[in-house]
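Spelled out, the chains give:
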Amino acid sequence: MNKKQVALTLGIMCLLLTVGIAIQVRTISNTNSTVAQTLTENGLRDEVLRWKERYDNLYSQLEQAEGNLEKVRQQASQDDTSASSKEDEIKLNNMLLGLTDVTGTGIIFTLTDNQGVTTEMVTSIDDDISYYLVHDSDLRLVVNELKNAGAEAISINNQRIVSTSAITCEGNIIKVNGEKIGSPFVIRAIGSPELLYGALTRPGGPIDLFNAKVITDIKKANKVEIAKYTGIISSKYMTNVEE
Amino acid sequence: MKKGKITMAISLFFVCILFMAVMFMQFKTIDETDITAIENMRETELREAISTWKAKYEELEQRLTQVNTQISEYNESIETDKEASEVLDKELDSSNMLVGKTDVEGEGIVVTLADQEDYVRGSDLLELVNELRYAGAEAISINDIRVTNMTYIAEVTDGYIYVDGQRTTAPFVVKAIGNQTYLSSSLTLKNVGFVDKYTNSGIRVTLEKQKNVKILKTNQEMSVKYIEEVVSK
């Protein structure tokens, strides 16, 4: 009887031990996969960085080439008045397209998420915590108002607004030109400071609407510098209509 | 007899300790599995980022080749003392095309917005333009008014919309040139795409792919008064 009991206990212990080992083995194999995961992820992260670096390198090559292009263009058209007016037009076009760094009078407008509001403070049924955040549609509204008031160059957090720029929302971040940006949103615009300021601050205008929800700050400036667009405005699908 | 009981107690004690150790390991395993799920998500995001950078890099490469060809063409005309007008005209044409100073054509889509239970709003048009740009539209027009980088859309009273100061009314025919498939698929995403979203909100939206969309040039004077180029050092 006693021997049987001992045997039974040993049996149970063996079983438990086996189970324990089995779990252990699984843990180890899982840990391995996590390590592998981290490795592939690090690899991917490295690759993203490599691509970004390659892009930046090539971009500085392009900048240099564009500089050279401008020089030879000037050289080729210097003795010819019609040619030099064409040259000026190309320069103007590049400015309109947002492909050059520009400066001028204008405004700097900052929109910030309202950090002072918490979910507990939002109790009314028509209230929503998301009202206290800056949305992509708010930024589109501001850009449109600024263009209406004659802005000649606009950037949001240093992303130049060009003819192909989209302002989109992806979850909790906003993307401009495919690049992630976050609050505070600093919008720079060059144009008549009075007109730009007036467009945003008029009663019922954007700032009037935003002030109830998010934090705004606007100031006129004598010198606003706006960096160029560092992407390519492509024309793969369109061609000029032959006359 | 007493000795046996003591042995039994000790063995049971050890079994308990083993058990606990195994349980802790188990917990750790579960923890790590959770992290793996999050990291999986990051991986797709990373892969997406890589493909975006690749695409941007290729565009950049193309542009660089183009610029280098133009440089050698200019150089050639300087060396041979020939007039540079041909090269210059070509460059000016493509630059004018990007600005919107020329009539252009190409594959694309035509989206028509019409009043139904609700008016078409200026903000609807703004959002449509934004969506089209996101999907890679190269040229856009609203009722044949070219949308350039300077274009604004203003709604004065219900139904009266001004695009670059020109009054226009529904139905709004919005044309876009770009990759047909990208353009139409990004607008027709189920429920969240522009077409479904605005059809549900009470306006009529139709979308048509076209092999050859023609978009007129801007009738605005494209000039600048306030901006000056920063001369690089």
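Please read all numbers here as calculations on a predicted model, not as lab measurements.

**Notes on the interface of chain A and chain B**
Taken residue by residue, the interface counts 85 residues in chain A and 84 residues in chain B. For the side of chain A that touches chain B, the elements supplying multiple residues, two or more each, are helix 1 (2–76), helix 2 (81–97), strand 1 (102–112), helix 3 (136–148), strand 4 (167–170) and strand 9 (239–240) of chain A. Of the residues forming the side of chain A that touches chain B, the biggest block, 38 residues, is contributed by helix 1 of chain A. With two bridges joining them, strand 9 of chain A and strand 1 (residues 104–115) of chain B adopt antiparallel strand pairing.

**Looking at unusual backbone geometry**
For the peptide bond that leads from Ser 183 of chain A to Pro 184 of chain A, omega is 0°, which places it in the cis range. Here Pro 184 of chain A is to be found in the loop between strand 6 (179–181) and strand 7 (185–190). That bond from Ala 170 of chain B to Pro 171 of chain B is cis: its omega, 0°, falls within 30 degrees of zero. Along the chain, Pro 171 of chain B falls in the loop between strand 6 (166–168) and strand 7 (172–177).

**Quick word on the domain arrangement of chain A**
One frequently used descriptor of interface size is the decrease in accessible area upon assembly of the parts. Under the domain assignment used here, chain A contains domain 1 (1–59) and domain 2 (102–226). Distance from the C-alpha centre of domain 1 of chain A to the C-alpha centre of domain 2 of chain A: 48 Å.

**Thoughts on the sheet that holds strand 4 (residues 153–157) of chain B**
Residue and element names in this part refer to chain B. Read across the sheet, three strands follow the order 4-5-6 without closing on themselves; strand pairing throughout is antiparallel. Edge positions in the sheet fall to strand 4 and strand 6, since each of these pairs with one other strand and no more. Taking the axes of each pair of neighbouring strands and ignoring which way they run, one obtains an average angle of 35° across the sheet. Strand direction decides the pairing type here: strand 4 and strand 5 (residues 160–163), joined by four bridges, are antiparallel. Of the residues in strand 5, the one forming a bridge with Ile 153 is Val 163. Against the sheet, helix 3 (residues 122–134) makes contact with strand 4 and strand 5, and its axis sits at roughly 165° relative to strand 4, the strand it touches most.

**Comments concerning the pairing of strand 1 of chain B**
Residue and element names in this part refer to chain B. Note: strand 1 against strand 8 (residues 203–215), eleven bridges, orientation antiparallel. Bridging from a neighbouring strand, Val 110 pairs with Glu 208 of strand 8. Pairing of strand 1 with strand 7, which is carried by six bridges, proceeds in the antiparallel orientation. Looking at strand 7, one finds that Ile 109 is bridged to Ala 176.

**So, the nonpolar core**
With 76 residues, the main nonpolar core has Leu 146, Ile 190 and Leu 196 of chain A together with Ile 177 of chain B as its most contacted residues. Every residue in contact with Ile 190 of chain A, bar those within four places of it in the chain, is listed here: Val 102, Gly 104, Thr 105, Gly 106, Ala 151, Glu 152, Ala 153, Val 224 and Ile 226 of chain A together with Tyr 226 and Ile 227 of chain B. Formed by eleven residues, the second largest nonpolar core is a distinct cluster that contains Leu 69 and Ala 83 of chain A together with Leu 60 and Val 87 of chain B.

**What about the confidence of the model for chain B?**
Residues and elements named next belong to chain B. Looking at chain B, pLDDT values average 86 and 91% of them are 70 or higher. Note that pLDDT drops below 50 for residues 34–39; the model gives that stretch seven contacts with residues more than four away or on any other chain. Interface confidence in the predicted complex, given as ipTM, is 0.79; pTM for the same model is 0.79.

**Quick look at the sheet that holds strand 5 (residues 173–176) of chain A**
All names here are of chain A. Within the open sheet, the three strands sit side by side as 4-5-6. Their pairing is antiparallel. Looking along the sheet, the strands with just one partner apiece sit at the ends: strand 4 and strand 6. The mean angle between the axes of side-by-side strands here comes to 40°, regardless of whether they run parallel or antiparallel. In this structure, strand 4 lies alongside strand 5, joined through four bridges in antiparallel fashion. In the sheet register, Glu 170 faces strand 5, and the bridge partner there is Ile 173. Contacts from helix 3 reach strand 4 and strand 5 within the one sheet, and its direction differs from that of strand 4 by about 170°.

The rules behind each value
Residues numbered from 1 in each chain as written. Chains lettered and ligands numbered in written order. Predicted model: local features only at pLDDT ≥ 70, side-chain atom pairs only at ≥ 80, totals over all residues. Contact = placed C-beta atoms within 7 Å. Helix = DSSP H or I, 4+ residues; strand = E, 2+ residues; numbered from the N terminus. Pairing = 2+ DSSP bridges. Domains from an automatic or database assignment. Axes fitted to C-alpha atoms, helices over the stretch in contact; angles between N-to-C directions. Core = buried A, V, L, I, M, F, W, Y, C linked by C-beta atoms within 7 Å. Buried ≥ 20, exposed ≤ 12 C-beta atoms within 10 Å, placed from the backbone. pLDDT = per-residue confidence, 0-100.

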